Amino acid sequence: MAKLWFKFQRYFRRKPVRFFTFLVLYLTAGSLVFLHSGFVGQPAISQNQASPAAGVPAEGAELPFLGDLHLGRGFRDTGEASSIARRYGPWFKGKDGSERTKLGDYGGAWSRALKGRIVREKEEERAKYIGCYLDDTQSRALRGVSFFDYKKMTIFRCQDNCAERGYLYAGLEFGAECYCGHKIQATNVSEAECDMGCKGERGSVCGGANLGPAPLRGCFRRPDNLSLALPVTAAMPNMSVDKCVDLCTEKEYPLAALAGNACHCGFPTTRFPLHEREDEQLCAQKCSAEEFESCGTPSYFIVYQTQVQDNRCMDRKFLPAKSKQLIALASFPGAGNTWARHLIELATGFYTGSYYFDGSLYNKGFKGERDHWRSGRTICIKTHESGQKEIEAFDAAILLIRNPYKALMAEFNRKYGGHIGFAAHAHWKGKEWPEFVRNYAPWWATHTLDWLKFGKKVLVVHFEDLKQDLFVQLGRMVSLLGVAVREDRLLCVESQKDGNFKRSGLRKLEYDPYTADMQKIISAYIKMVDAALKGRNLTGVPDDYYPR
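Residues numbered from 1 in each chain as written. Predicted model: local features only at pLDDT ≥ 70, side-chain atom pairs only at ≥ 80, totals over all residues. Heavy atoms only, no water.

Undergrad: Mind showing me how you'd approach the nonpolar core here?
TA: In summary, soluble globular proteins display a tendency toward joint burial of nonpolar side chains. Membership of the largest hydrophobic core comes to 39 residues, with the highest contact counts inside it found for Leu-408, Trp-433, Trp-444, Trp-451, Tyr-514 and Ile-522. Mapped onto this core, the elements with two or more residues apiece are strand S17 (327–331), strand S20 (396–401), helix H10 (404–417), helix H12 (432–454) and helix H16 (516–535). In terms of residue count, the dominant contributor to this core is H12 (ten residues). Among residues more than four places away in sequence, those in contact with Trp-433 are Leu-408, Met-409, Phe-412, His-427, Trp-428, Pro-513, Tyr-514 and Met-518. Grouped together as the second largest cluster of nonpolar side chains are 32 residues, Cys-313, Ala-340, Phe-350 and Ile-379 included. (Core = buried A, V, L, I, M, F, W, Y, C linked by side-chain atoms within 4.5 Å. Buried < 20%, exposed > 50% of the residue type's maximum accessible area, 1.4 Å probe, protein only. Helix = DSSP H or I, 4+ residues; strand = E, 2+ residues; numbered from the N terminus. Contact = heavy atoms within 4.5 Å.)

Right, here's the structure in full:
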């Protein structure tokens, strides 16, 4: 046997080419055997294999549906996913208990074979209906993302849209409005309140109409060219706020302007921007059909916001050609970067990117989150980085600065409660908060100082100024991004400014979490940043940063 092995070795030493040929044939044969076993057997999925979208409902997964919602009258809801089995990413159980997962997990022939079956299952099944619930514009029953379609809305479309974004509930309202959320924060009402048919599906019910008051925008002077500013006009001898709002809602306009016995409908435009409010006493003429309401005059209109979404700024896409420069949207954590991204995407129509990858933001609509930050397909890049090397990688930057007292609390809430959640009371009272302030307060100052020192073409925007004068500040930001945007689109953004990515105000604590020592340290950092800004002939920090 040893002699035979020796001859075998000597044969291949003399002819190395033969050896390598033999090796290639061996490996090829092994690969063919492996591939054959993969197609013939059942697809193997590791129990421990991580999914890049862990925690996010899979595309094509069945989602509990919330049927009807609308500003006060009702919406339907359909129950939580009772059990979620996790293997290769999240799986949802169907009605029969069988598990269904994201299309494409198996790849190749298995993906194509399963796709048709899963689509059929989706069409055949409907999530369990829960009931009709009261909704309120000031405090939504479902507080996730939303979208409207006044022509083609269906129950399945709403349900599928919410599932794709990772929500447990889906709800419909006014026949055309879809809302998503992780829990229902509303009271159950009579089924009779949910009586409106779906705009895109005959025979199906998609919620009810608004019973609550429409949001008041204020009293405004009659626009110069009325027919262009407000294209729909109707005479109403028995005028009331509800009648005018209902008319404009039916005509699919977001503004209802009452002018005595005339009702006007339209969008906010440069002809009627709603920027210069008048004294409400000028609009205080009683309605002919409702003595306790004001219906404006022929010269001064009282304007209400209807439930129709202004869709002029809702389209978004990736850049059509690779960008020649990388522009940072830089901020300290908790300074409103996510909200600013929302505004920029609405204003420009292009997705924003990120230096990081946050799956929860991707599933809530920030589609540029998944792109590499150097891809060149997004209009700007979110970053919290500081330091010379990281900063000099960008060609320009929008530097968003926020009051450190508010920014620290917002980031603490995000860290312990998620992007729109809140930290628990125990976290504020425990050791976490003092340790957080000790580590993060110096970073608030050094972050701004580094970007002022190393950044190229830095535009400083204060969060407080953006919140107070969005039209002007967002215009400055868009100008740096090099996108020509019509003023009408910026006016549309104003009406959608909060979106679904902004925390609904800081939760009020029973005490001031900042001790005297903390305030002393933070005040010193504020003075450092203020001096650095003024040293570069920029506006210093807003007055409300201090004293505290």
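Undergrad: Just to check I follow, could you spell out the sheet that holds strand S7 (residues 146–148) for this structure?
TA: Taken in spatial order, the three strands make up an open sheet running S7-S9-S8, and their pairing is antiparallel. Edge positions in the open sheet fall to S7 and strand S8 (169–173), since each of these has one partner strand only. Across the sheet, the axes of successive neighbouring strands diverge by a mean angle of 15 degrees, strand direction being ignored. Two elements, S8 and strand S9 (residues 177–181), share five bridges in a ladder whose sense is antiparallel. Bridge assignment links Leu-172 to a residue of S9, and that residue is Cys-178. (Pairing = 2+ DSSP bridges. Axes fitted to C-alpha atoms, helices over the stretch in contact; angles between N-to-C directions.)

Undergrad: What am I meant to see in helix H15 (residues 487–495) here?
TA: Residues lying three or four places apart along an α-helix face the same way, a consequence of the helix completing one turn every 3.6 residues. Along H15, the residues that are buried comprise Arg-489, Leu-490, Leu-491, Cys-492 and Val-493. Among the structural elements, helix H7 (337–348) and helix H14 (470–481) are those in contact with the buried residues of H15.

Undergrad: Just to check I follow, could you spell out the packing of aromatic side chains for this structure?
TA: Pairs of aromatic rings are described using the distance from one ring centre to the other and the angle between the two planes. One pass over the structure, following the stated rule, counts 20 aromatic pairs. With centroids separated by 6.2 Å and ring planes inclined at 75 degrees, the aromatic side chains of Phe-220 and Phe-272 adopt a geometry described as edge-to-face. Residue Phe-220 is found in strand S12 (residues 216–221), and its partner Phe-272 is found in the loop between strand S15 (262–266) and strand S16 (300–305); the two are separated by 52 residues along the sequence. Judged by relative accessible area, Phe-220 falls into the buried class, the value being 3%. For the pair Phe-412 and Tyr-416, a centre-to-centre distance of 4.8 Å together with 55 degrees between the ring planes defines the contact as tilted. Taken together, the residues Phe-412 and Tyr-416, both in helix H10 and four residues apart, mark about one turn of the helix. By relative accessible area, which is 0% here, Phe-412 ends up buried. (Phe/Tyr/Trp six-rings, centres within 6.5 Å; stacked < 30°, edge-to-face > 60°.)

Undergrad: I would appreciate a short explanation of the pattern of salt bridges in the present structure.
TA: Between side chains of opposite charge, a pair can form when the charged atoms approach closely. Counting across every chain of the model gives eleven salt bridges. Between Arg-277 and Glu-280 there is a salt bridge whose closest N-O contact spans 3.4 Å. Notably, a salt bridge pairs Asp-371 with Arg-377, separated by 2.6 Å at the nearest N-O pair. The buried category is assigned to Asp-371, whose relative accessible area is 14%. Judged by relative accessible area, Arg-377 falls into the partly exposed class, the value being 35%. Counted as one network, the salt bridges with shared partners bring together Asp-135, Arg-140 and Glu-173. (Salt bridge = Lys/Arg side-chain N within 4 Å of Asp/Glu carboxyl O.)

Undergrad: Looking at this structure, how should I read the sheet that holds strand S14 (residues 255–259)?
TA: Working definition: the strands of a sheet are paired by backbone hydrogen bonds and lie parallel or antiparallel to each other. Taking strand neighbours across the sheet as the criterion, the five strands line up as S12-S16-S14-S15-S13 in an open arrangement whose pairing is antiparallel. Two strands in the sheet have a free side with no partner beyond their single neighbour: S12 and strand S13 (232–235). Shown here is a sheet whose adjacent strand axes are inclined to one another by a mean of 25 degrees, direction ignored. Here S14 pairs with S16 via four bridges, running antiparallel. Counterpart to Leu-258 in the pairing with S16 is Ile-302.

Undergrad: Could you clarify how one ought to interpret empty space enclosed by the protein in this entry?
TA: Unoccupied space between atoms shows up once a probe the size of one water molecule is rolled over them. Tallied over the entire structure, the rule returns two cavities of 30 Å³ or more. Contributing to the lining of the largest cavity are Phe-332, Ala-335, Leu-399, Leu-400, Ile-401, Arg-402, Ala-407, Trp-444, His-447 and Thr-448. At the level of elements, S20 and H12 are the ones that each hand at least two residues to the lining of the largest cavity. Across the lining of the largest cavity, the residue classes break down as seven nonpolar, two polar and one charged. (1 Å grid on protein atoms, 1.4 Å probe; cavity = no way out; pocket = protein on both sides within 12 Å on 5 of 7 lines; lining within 4 Å. Points joined across faces, edges and corners; volume = space filled by probe spheres on them. Nonpolar A, V, L, I, M, F, W, Y, C, P; charged D, E, K, R; others polar.)

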